[in-house]
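# Reading the structure
Next come the chains, spelled out residue by residue.
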Amino acid sequence: MRSRKFLKAEQAALVWDAPGLIAGVDEAGRGPLAGPVVAAAVILDDQRPIRGLADSKTLTALQRERLHDQILAKALCCSVAQATVEEIDTHNILQATMLAMRRAVEGLRLKPAKVLVDGNRLPTLDVLAEAIVKGDARIKAISAASILAKVHRDRLCEQLHVEFPHYGFAGHKGYGTPEHLEALLRHGACVHHRRSFSPVAAALARTAAGAAVPAEAMMLASVTPAPPLTVESVRLDLRAAP
């Protein structure tokens, strides 16, 4: 007769290897100076394959739009979620990204047996999950998620452009391009800018002081990386997030 210890180990292996639905998860919009960060989760249907799935960054806008519609039509289920500018400024961009990913997974109509996440960090989930570096180029479900997230966020930026055309959101999608930095110098920050990002903080300081901030300083700030955070610190903060 098998011992209880042996049975527990066997059950753990069965849970780990349990077959079921696989969801791919990816995000769009970690680097921009404005707008929300968007995440998507996709469970593909093996019986309805989609040709041409790839990392969204390698596709043209037209290809992404075409694949976006196919994914919505053929996938078993999809979910797109986001973390707001306010949440980005409160939690920082990494933690806000994890929050958007968690919301995307929780928004799926079907519960996956396993979640595959692009990158090297995982959001706090109640299902088995695995982080895969460059997963958006290797795993079709993650590729599909990257396309949904990218298209959704690009459309949001086009809406922001209608509201604030002088920033050029439709072109640069919120990234710190020379055009965008010049607009920040000229007009200051709008309600959609991420105040915790250095170039935006510099623009706000300029507005408050009534003096110009050199464009060179803002350009340098736009490429200065944020200090890294541990996975555990992300998970601890997200437990308290809505």
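Okay, so let's go over this structure.

### So, the nonpolar core
By size, the foremost hydrophobic cluster in this structure holds 37 residues, and its most contacted members are Val 25, Val 37, Val 115, Tyr 167 and Phe 169. Breaking this core down by element, the ones donating at least two residues are β1 (22–28), β2 (37–43), β3 (77–83), α4 (93–106), β4 (114–118), α8 (178–187) and α9 (198–209). Looking at this core, the element that brings in the most residues is α4, giving eight residues. Those residues within four positions of Val 25 in sequence are excluded, and the remaining contacts are Ala 40, Ala 41, Met 101, Val 105, Val 115, Leu 116, Val 117, Asp 118, Ile 142 and Ala 145. Among the nonpolar cores identified, the runner-up in size contains 17 residues, and Val 38, Ala 40, Leu 67 and Ile 147 belong to it.

### With respect to the pairing of β2
Counting buried residues in β2 gives seven out of seven residues, a clear majority hidden from the surface. Along β2, one buried face is formed by Val 37, Ala 39, Ala 41 and Ile 43 and the opposite face, lined by Val 38, Ala 40 and Val 42, is buried too. Here five bridges tie β1 to β2, and the two strands are oriented antiparallel to one another. Each residue of the ladder has a partner; that of Asp 26, found in β2, is Ala 40. For β2 and β3, the ladder comprises seven bridges, and the chain directions are antiparallel. Within the sheet, the bridge partner assigned to Val 37 lies in β3 and is Ala 83.

### Notes on α9
Owing to its 3.6 residues per turn, the α-helix aligns residues three or four sequence positions apart on the same side. In this model, α9 (12 residues) spans 16 Å end to end at C-alpha, consistent with the 16 Å of a helix rising 1.5 Å per residue. Of the positions making up α9, those classed as buried are Pro 199, Val 200, Ala 202 and Ala 203. In an axial view of α9, the angular spread of the buried residues amounts to 160°, which keeps them on one side of the axis. Counted as exposed and oriented over 90 degrees from the buried face of α9: Ala 208 and Ala 209.

### Some details on the pattern of salt bridges
Pairing between side chains becomes possible if they bear opposite charge and their charged atoms approach one another. Taken as a whole and judged by the stated rule, the model has 10 salt bridges. Across the pair Asp 126 and Lys 111 runs a salt bridge, and its minimum N-O distance is 3.4 Å. Here the residue Asp 126 occupies a position in the loop between β4 and β5 (128–132), and Lys 111 occupies one in the loop between α4 and β4, the gap between them amounting to 15 residues. Owing to a relative accessible area of 64%, Asp 126 belongs among the exposed residues under this scheme. Note that Glu 182 and Arg 186 form a salt bridge whose closest N and O atoms lie 3.3 Å from each other. Note that Glu 182 and Arg 186 are positioned in helix α8 at a spacing of four residues, about one turn of the helix. When salt bridges with common partners are traced through the structure, they connect Asp 55, Lys 57 and Asp 136 into a single cluster.

### Comments concerning the packing of aromatic side chains
Enumeration over the complete set of coordinates arrives at two aromatic pairs. Put simply, the rings of Phe 164, Tyr 167 and Phe 169 touch in pairs and so form one group of aromatic residues.

### Some points on unusual backbone geometry
Trans is the common state for peptide bonds, and a negative phi is the common state for residues other than glycine. Phi angles above zero are rare outside glycine, and Asn 92 is one such case at about 85°. The phi torsion at Lys 134 lies on the positive side, around 60°, for a residue other than glycine. By relative accessible area, which is 62% here, Lys 134 ends up exposed.

### So, the sheet that holds β1
Spatial ordering of the open sheet is given by β3-β2-β1-β4-β5, a layout of five strands whose pairing is mixed. Edge strands, defined here as strands with exactly one partner in the open sheet, are β3 and β5. Going from strand to strand, the sheet's axes swing by 20° on average, the running direction of each strand aside. Bridge count for β4 against β5 is five bridges, and the pairing is parallel. Note that in β5 the partner of Lys 114 across the bridge is Leu 128.

Quick notes on the rules
Residues numbered from 1 in each chain as written. Predicted model: local features only at pLDDT ≥ 70, side-chain atom pairs only at ≥ 80, totals over all residues. Heavy atoms only, no water. Core = buried A, V, L, I, M, F, W, Y, C linked by side-chain atoms within 4.5 Å. Buried < 20%, exposed > 50% of the residue type's maximum accessible area, 1.4 Å probe, protein only. Helix = DSSP H or I, 4+ residues; strand = E, 2+ residues; numbered from the N terminus. Contact = heavy atoms within 4.5 Å. Pairing = 2+ DSSP bridges. Expected span 1.5 Å × (residues − 1). Arc of directions from axis to C-beta. Salt bridge = Lys/Arg side-chain N within 4 Å of Asp/Glu carboxyl O. Phe/Tyr/Trp six-rings, centres within 6.5 Å; stacked < 30°, edge-to-face > 60°. Axes fitted to C-alpha atoms, helices over the stretch in contact; angles between N-to-C directions.

Function-wise, these values are silent; they only describe arrangement.
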